[in-house]
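Descriptive structure summary
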Amino acid sequence: MITSLRFFIVIVLALVSVKIGATTIVIVNGDGAGEGFNSNQPVSAVPGNSATTLGQQYLNVFLAAADFWESKIDSSVPIRMDASIDPLICTATGAQLGGAGPNNGFFDFSGAPKTSTIYPSALANSLAGQDLDPTDNDLTAVFNSLLNGNPSCLGGIRWWLGIDSPAPSGTISLFDTVLHEIGHGIGFLTFTSANGTRPLNLTDAYADNLFDLSRNRAWPALSNAQRAASSTNTGNLVWRGANVEARAGVITGGRRQGSLRMFAPSPFQQGSSVSHWDTALSPDELMEPFATPTSNSCATILALKDMGWKTRNECGRPVVAPILPLLLDD
Ligand SMILES: [Zn+2]
């Protein structure tokens, strides 16, 4: 029996694709010869993914996920993502599916909407209209190569590499997982630590929207100890950004005093707490901490808009994500 399928967040301080369009997400292949994206292992074509090598199928999934995000956010600065498929934790009962995070954060740059506020690399570049650190890529994403049918890993569950069909029983959609992790990588997370402390004691674009209902205060107005307490104040940590607030009504479950709840279990769960929506949200959202069979991205894209991203088609039909059900409409 599977007890957990957990995403995790990595905050870390061969060019494959360049797409012409409003936004370009460049996937930088970090795998070695013969593994991950470079695997020549023969595979059968699956729905939406006609490649016949494992590496190319992985890559096609990433390209489709990049297409999705390119359809939702606007940036004149290419977003460069370090990506790899490597062995991560996997036992008979639990696995890390993948992790991602921004490579850097920037503050008080030309174009920053707010002073003394940290913006994750990709967002900072977008706001600045230029690459603020050309020597480094913007986010890093890693996915577990062990989900390959080995019985010792989740009883033999494997990645589903199809793109336009639901994951069959006994598989997990890599496409949905990559969508989720790119969400973290472009900024859906806080830089705040579990103990409430912050880099250089600066707030960040995500934390700026967090609000504690018990104290009736936003996170930037809390002390470190109060932020730590708020992180485990289950049900009372919510998102208070104007764009999400305006559309919060389309979420029927997981609201408190009209606002959407954030994931704030007690005790604190490293890598999951705060930087996800609460699992109580209904319909399920892309940025919940556990993989769900179906998910929407409406609230997630609106939250990114609250952070400063230029977004479009927030709650409309995903361009290349047909396996996400369309429960919310513009
Ligand atoms: Zn996550």
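Details of the structure are given in the entry above.
Below: a short report on this structure. (Residues numbered from 1 in each chain as written. Predicted model: local features only at pLDDT ≥ 70, side-chain atom pairs only at ≥ 80, totals over all residues. Heavy atoms only, no water.)

A word on the overall build of the protein chain. Counting its secondary structure elements, the protein chain contains six helices and 17 strands. Among the 330 residues that make up the protein chain, the fraction classed as buried is 56%. Of the roughly 12600 Å² that the protein chain leaves accessible, carbon and sulfur atoms contribute 52%. (Helix = DSSP H or I, 4+ residues; strand = E, 2+ residues; numbered from the N terminus. Buried < 20%, exposed > 50% of the residue type's maximum accessible area, 1.4 Å probe, protein only. Areas by Shrake-Rupley, 256 points an atom, 1.4 Å probe, with all protein chains shown as cover.)

Our next topic: the sheet that holds strand S15 (residues 255–256). Taken in spatial order, the five strands make up an open sheet running S13-S12-S14-S16-S15, and their pairing is antiparallel. Single-partner strands in this sheet number two, and they are strand S13 (217–218) and S15. Pairing analysis gives two bridges linking S15 to strand S16 (residues 259–261), with the strands arranged antiparallel. Along S16, the bridge assignment pairs Arg-255 with Leu-260. (Pairing = 2+ DSSP bridges.)

On to the environment of Trp-160, then. By the secondary structure assignment, Trp-160 is in strand S9 (residues 158–160). With a relative accessible area of 12%, Trp-160 lands in the buried category. Along the sequence, Trp-160 and Leu-174 sit 14 residues apart, while their C-alpha atoms lie 5.9 Å from each other. Once residues lying within four places of it in the same chain are set aside, the contact partners of Trp-160 are Val-46, Pro-47, Ser-165, Pro-166, Ala-167, Pro-168, Thr-171, Ile-172, Ser-173, Leu-174 and Phe-175. (Contact = heavy atoms within 4.5 Å.)

Attention shifts here to the coordination of the zinc ion. Around the zinc ion, the donor atoms from the protein are His-180 (NE2), His-184 (NE2) and His-276 (NE2), and they sit 2.0 Å away. In primary sequence terms, the donor set of the zinc ion follows H-x3-H-x91-H. With His-180 in helix H3 (residues 174–185) and His-276 in the loop between S16 and helix H6 (298–307), this pair connects stretches of sequence that are 96 residues apart. Accessibility assignment for this pair places His-180 and His-276 in one class, buried. (Donors = N, O, S within 2.8 Å, 3.2 Å for Na, K, Ca; no water.)

A few words now on the nonpolar core. Core analysis: the largest hydrophobic core is formed by 76 residues, its most contacted members being Phe-62, Trp-69, Leu-147 and Trp-277. Among the elements that line this core, the one with the most residues is helix H1 (residues 54–70), at 10 residues. Both of domain 1 (4–185) and domain 2 (199–309) provide at least three residues apiece to this core. (Core = buried A, V, L, I, M, F, W, Y, C linked by side-chain atoms within 4.5 Å. Domains from an automatic or database assignment.)

Once that is clear, we can look at helix H4 (residues 224–231). For H4, the complete set of buried residues consists of Arg-227, Ala-228, Ser-230 and Ser-231. The arc that holds every buried residue of H4, seen down its axis, measures 160°, which confines them to one face. Here the buried face of H4 lies against strand S12 (210–212) and strand S14 (237–239). (Arc of directions from axis to C-beta.)

Moving on to empty space enclosed by the protein. By volume, the second largest cavity amounts to about 40 Å³. Surrounding the second largest cavity, 10 residues form its lining, Arg-247, Val-250, Ile-251, Ala-299 and Leu-302 being those nearest its centre. Top contributing element to the lining of the second largest cavity by residue count: H6, with three residues. Considering only residue class, the lining of the second largest cavity consists of nine nonpolar, no polar and one charged. (1 Å grid on protein atoms, 1.4 Å probe; cavity = no way out; pocket = protein on both sides within 12 Å on 5 of 7 lines; lining within 4 Å. Points joined across faces, edges and corners; volume = space filled by probe spheres on them. Nonpolar A, V, L, I, M, F, W, Y, C, P; charged D, E, K, R; others polar.)

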